[in-house]
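Architecture at a glance
Here are the chains, one letter per residue:
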Amino acid sequence: MNVNEFDEAFDNGESIIEQLDIRKLTRPALSQRRVNVDLPQWMIQSLDEEASRIGVPRQSIIKVWLAERLKQIHA
């Protein structure tokens, strides 16, 4: 299948999944990079309390809160 046939099949709502090698798919915008951040003890304790309250790891709550704040800034 060439590019034009692929585009036409997609535009017509046909399944194109058979044409894709999903083992090679990447999500560049979602690749992760480790960062170290020093936080005061009180802040870590507050994060841990909130994370425990809602049943998620500390890292998850930090990611969610950072994402929310960045969306507010860029909205």
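Described below are features of the structure shown in this document. Bear in mind the structure is a predicted one, so any value in this text is a computation, not a measurement.

Calculation notes
Throughout this document, residue positions are counted from 1 along each chain, in the order its sequence is written. With the structure being a predicted model, the display of local features is reserved for residues of pLDDT at least 70 and the display and counting of side-chain atom pairs for 80 or more, all residues being used for whole-chain, interface and lining totals. To get the side-chain values, take all heavy atoms of the structure and skip hydrogens and water. Strands are runs of DSSP state E lasting at least 2 residues, helices are runs of H or I lasting at least 4, and numbering of each runs from the N terminus. Only C-alpha atoms enter the radius of gyration; for comparison, a globular chain is expected to reach 2.2 Å times N to the power 0.38, where N is the number of residues. For each residue, the accessible area found with a 1.4 Å probe, counting protein chains only, is set against the maximum for its type, and the residue is called buried under 20%, exposed over 50%, and partly exposed in between. Here the open area of atoms and residues is found with the Shrake-Rupley method and a 1.4 Å probe, where only the protein chains shown may cover a residue. The charge count treats Lys and Arg as positive and Asp and Glu as negative. His and the chain ends do not count. Every charge is mapped onto a representative atom, which is NZ of Lys, CZ of Arg, CG of Asp or CD of Glu. Basic side-chain nitrogens of Lys or Arg form a salt bridge, by our definition, when they fall within 4 Å of a carboxyl oxygen of Asp or Glu. Here the term cavity refers to a set of points on a 1 Å grid, laid over the protein atoms alone, in which a 1.4 Å probe fits but cannot get out; the term pocket refers to an open set having protein on both sides within 12 Å along at least five of seven lines, with lining residues being those that place an atom within 4 Å of a point. Grid points are joined across faces, edges and corners, and a volume is the space filled by probe spheres set on the points. Throughout this entry, Asp, Glu, Lys and Arg are counted as charged residues, while Ala, Val, Leu, Ile, Met, Phe, Trp, Tyr, Cys and Pro are counted as nonpolar. The remaining residues, Gly among them, count as polar. Only the stretch in contact is used when a helix axis is fitted, and all axes are lines through C-alpha atoms; the angle between N-to-C directions ranges over 0 to 180 degrees. Angles are sorted into four bins: roughly parallel if under 35 degrees, roughly antiparallel if over 145, roughly perpendicular if 65 to 115, and oblique for all others. Throughout, a contact is declared for two residues whenever any of their heavy atoms are within 4.5 Å.

The next thing to look at is the overall build of the protein. The helix and strand inventory of the protein stands at three helices and zero strands. Listing every helix and strand of the protein by position from the N terminus yields α-α-α. Over its C-alpha atoms the protein spans a radius of gyration of 21 Å, topping by over 25% the 11 Å that the globule rule assigns to 75 residues. Counting only C-alpha atoms, the protein reaches 60 × 30 × 25 Å along its principal axes. The buried share of the protein, reckoned over its 75 residues, is 7%. Put simply, the protein shows about 7,300 Å² of open surface, and 53% of that area lies on carbon and sulfur atoms. Charge centroids of the protein, computed over 10 positive and 12 negative side chains, lie 12 Å from each other.

Turning our eyes to something else, we now look at the pattern of salt bridges. One pass over the full model with this rule turns up three salt bridges. The partner of R53 in a salt bridge is E50, and the shortest N-O contact between them spans 2.6 Å. Pair noted here: R53 and E50 are both in helix α2 (residues 41–54), with a separation of three residues, about one helical turn.

Its volume calculated, the largest pocket comes out at about 700 Å³. The wall of the largest pocket is formed by 17 residues, among which V35, V37, Q59, I62 and K63 lie closest to the centre. Among the elements of the structure, α2 and α3 (58–73) are those that each provide at least two residues to the lining of the largest pocket. By residue number, the principal contributor to the lining of the largest pocket is α3, which donates seven residues. Split by residue class, the lining of the largest pocket holds 10 nonpolar, three polar and four charged.

Attention now moves to the packing of α2 against α3. Direction vectors running N to C along α2 and α3 enclose 100°, while the axes themselves pass 8 Å from each other. For the element pair α2 / α3, the angle class is roughly perpendicular. Residues I44, L47, D48, E50, A51 and I54 of α2 pack against R58, I61, I62 and W65 of α3. Each residue belonging to the contact of α2 with α3 can be placed in one class, and the counts come to seven nonpolar, no polar and three charged.

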